[in-house]
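Single-letter residue listing:
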Amino acid sequence: MLQDMKQRQFRWGRIKIPMFVVCFGLFLCFSNVNASIHEYRMEAFSPKSDAFFFHGGSEGLYASKLHEPTTDASSETKPSFKGKSIISFDPVTFVRPKETAKSHHQMQQNTGLVEAIILEVKDRARIGGSSLKSDAICCDKQLADQGSCNQGEVIIQHNPNNLGWPKRIKTFFQGDNEEAKMDVETVEINSTGMYYLYFMFCDPQLKGTLIKGRTVWKNPNGYLPGKMAPLMTFYGLMSLAYLVLGLAWFLRFVQFWKDIIHLHYHITLVIALGMCEMAVWYFEYSNFNSTGTRPMGITLWAVTFGSVKKTLSRLLLLVVSMGFGVVRPTLGGLTSKVVLLGLIYFIVTEALELVEHLGNINDFSGKAKLVLVLPVAFLDACFILWIFSSLSKTLEKLQMRRNLAKLELYRKFTNALAVSVLLSIAWIGFELYFNATDPLSEFWQIAWIIPAFWNMLAYCLLVVICVLWAPSCNPTRYAYMEGMGEDSDEEGIALTGNSGDMAMKLERQAIGDDLEEDKRE
């Protein structure tokens with residue numbers, strides 16, 4: 001009794017940490033579910049050099065398709081932004097400390113300046129005094145006397161090839177007011193690029209100023225950020241791909257339903273989950289593109305479908321590698337270990353996906369991501385080691401039994417799995433190189449291929465399993481059999497006389513050893 005209680009406490013202790021991680025992820029997610037609508041909730045400015053700044057957002061934006069002003073049919077005065085790429089301040093308010101506000105007279109004008117600066121990433125060197133051979137960000141008296149800039153403002157060198165950019169929007173505090181509200185303004189984007197928004201001020205007396213409000217970022221075809229827009233089409237195509245695979249598998253399933261084994265039900269479940277996941281992601285992206293926000297309910301379903309599918313896919317690879325239903329009738333004592341590993345993997349994957357998909361596009365902290373990515377990477381490594389270790393044992397058993405058909409089947413499966421692992425390692429290397437060489441997302445237009453690759457790889461591996469373990473009228477080629485006489489007939493191995501009897505004894509002894517091994521495990 002005491003030993004059982006200790007074992008339960010140990011198991012709970014192992015589950016406790018990932019449960020804490022997922023709860024932390026849920027808390028982060030539910031506190032902020034906006035995406036192309038960037039909200040600011042009384043957040044502070046950070047000092048840098050001689051200025052204070054706040055990062056208001058960054059997204060890849062395509063150039064507007066329409067440049068002429070248009071109006072809605074319902075209202076002659078209400079502007080329409082269909083076909084246009086915009087950044088809209090809707091509205092934004094700055095709140096300075098009471099002490100700073102009280103130091104000014106009520107009748108004074110322009111008692112503090114905050115600037116909103118929008119720039120394309122390639123123009124980042126035009127912010128600050130580098131072109132003036134100065135390390136300053138703000139214009140001082142010396143530079144102002146030279147006529148290079150206006151004192152107290154951020155130094156900006158405009159791009160001669162794109163007049164008016166980087167763009168500056170000024171907002172002044174008036175008298176002794178604590179708040180200064182930006183005018184509701186919309187900036188049209190006429191050049192495709194990665195755009196950054198910064199709110200900045202140079203007056204040290206404004207230290208402690210906070211920002212609240214929101215900005216809305218929109219592409220010509222909707223609110224979906226530029227680096228995510230191709231994924232909507234990709235998920236639509238993947239939905240069709242899973243549908244085709246599902247139909248082909250279903251027809252095969254119905255045709256040979258009398259010869260179905262447990263493994264076929266597992267494969268069917270993974271296909272169904274993949275189909276649902278891709279369809280829900282497509283619907284989620286479509287809704288996001290129309291509204292500018294990620295609907296929590298739809299996103300939760302999409303993330304959960306994805307996490308369950310990833311977990312079951314890895315468990316499918318693991319039990320197939322162990323020879324379940326092929327060289328062993330059950331997993332024996334390994335069942336609890338497999339289920340526990342799958343449960344922990346689902347929890348940490350769900351936490352990572354929730355935090356990644358239910359926050360602002362540019363608000364996913366690198367440290368927060370690292371905390372959640374490391375457990376997933378560690379568990380993936382555990383799956384890979386366990387899968388190949390099990391494959392080695394399964395191949396060894398099949399060689400010992402001289403079961404050539406099943407041995408050939410597992411060799412093909414091993415080769416496909418080895419290729420997928422090598423591709424994964426190569427892609428991880430590419431992904432690390434891509435992120436290291438593109439810290440400012442200058443190559444945002446091809447960033448979508450990184451998540452797309454993993455979905456394609458999982459789909460291809462699932463297709464391989466479906467082909468190798470497809471239902472057929474000859475289930476003995478992959479199904480577990482109590483006796484091995486059928487296998488000997490299937491292989492066409494001629495065993496006569498004493499040699500045949502000896503072979504059969506060895507086969508039965510191998511089966512008995514497997515069953516004893518299952519019980520011990």
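Residues numbered from 1 in each chain as written. Predicted model: local features only at pLDDT ≥ 70, side-chain atom pairs only at ≥ 80, totals over all residues. Heavy atoms only, no water.

A. Representation of helix 10 (residues 449-468). Taking 1.5 Å per residue as the helical rise, helix 10 with its 20 residues ought to reach 28 Å, and the 28 Å between its terminal C-alpha atoms agrees with that figure. Where helix 10 is buried, its residues contact helix 4 (229-255), helix 5 (262-291), helix 6 (296-321) and helix 9 (404-437). (Helix = DSSP H or I, 4+ residues; strand = E, 2+ residues; numbered from the N terminus. Expected span 1.5 Å × (residues − 1). Contact = heavy atoms within 4.5 Å.)

B. A look at the packing of helix 9 against helix 10. One can describe the packing of helix 9 onto helix 10 by two numbers: an axis separation of 11 Å at closest approach and a directional angle of 180 degrees. As far as their axial angle goes, helix 10 and helix 9 are roughly antiparallel. Split by residue class, the contact of helix 9 with helix 10 holds 18 nonpolar, two polar and two charged. (Axes fitted to C-alpha atoms, helices over the stretch in contact; angles between N-to-C directions. Parallel < 35°, antiparallel > 145°, perpendicular 65-115°, else oblique. Nonpolar A, V, L, I, M, F, W, Y, C, P; charged D, E, K, R; others polar.)

C. Structural context of the sheet that holds strand 11 (residues 193-201). With antiparallel pairing, the five strands of this open sheet are ordered in space as 2-3-11-7-8. The open sheet has two edge strands, strand 2 (46-48) and strand 8 (167-173), and neither has a second partner. Put simply, the sheet's adjacent strands are angled 30 degrees from each other on average, direction ignored. (Pairing = 2+ DSSP bridges.)

D. Quick peek at the UniProt feature "transmembrane region" (unreviewed entry) in the chain. The UniProt record marks residues 228-251, 263-283, 338-358, 370-392, 413-434 and 446-470 with the feature "transmembrane region" (unreviewed entry), using the residue numbering of this structure. Across residues 338-358 one finds 95% helix and 0% strand; the C-alpha atoms that close the span lie 30 Å apart. (UniProt positions renumbered as here; feature names shortened; annotations may be inferred.)

E. How the structure looks around helix 5. Helix length check: helix 5, at 30 residues, gives a terminal C-alpha distance of 44 Å against a target of 44 Å (1.5 Å per residue), a fit within 8%. Directly after helix 5, the chain includes Gly292, whose backbone phi takes a positive value near 90 degrees.

F. Expanded view of the packing of aromatic side chains. Under the defined criterion, the tally for this structure stands at 29 aromatic pairs. Judged by centre distance (6.3 Å) and plane angle (80 degrees), the rings of Tyr410 and Phe413 are edge-to-face. Highlighted residues: Tyr410 and Phe413, both in helix 9, separated by three residues, approximately one helical turn. The two residues Tyr410 and Phe413 agree in class, both being buried. (Phe/Tyr/Trp six-rings, centres within 6.5 Å; stacked < 30°, edge-to-face > 60°. Buried < 20%, exposed > 50% of the residue type's maximum accessible area, 1.4 Å probe, protein only.)

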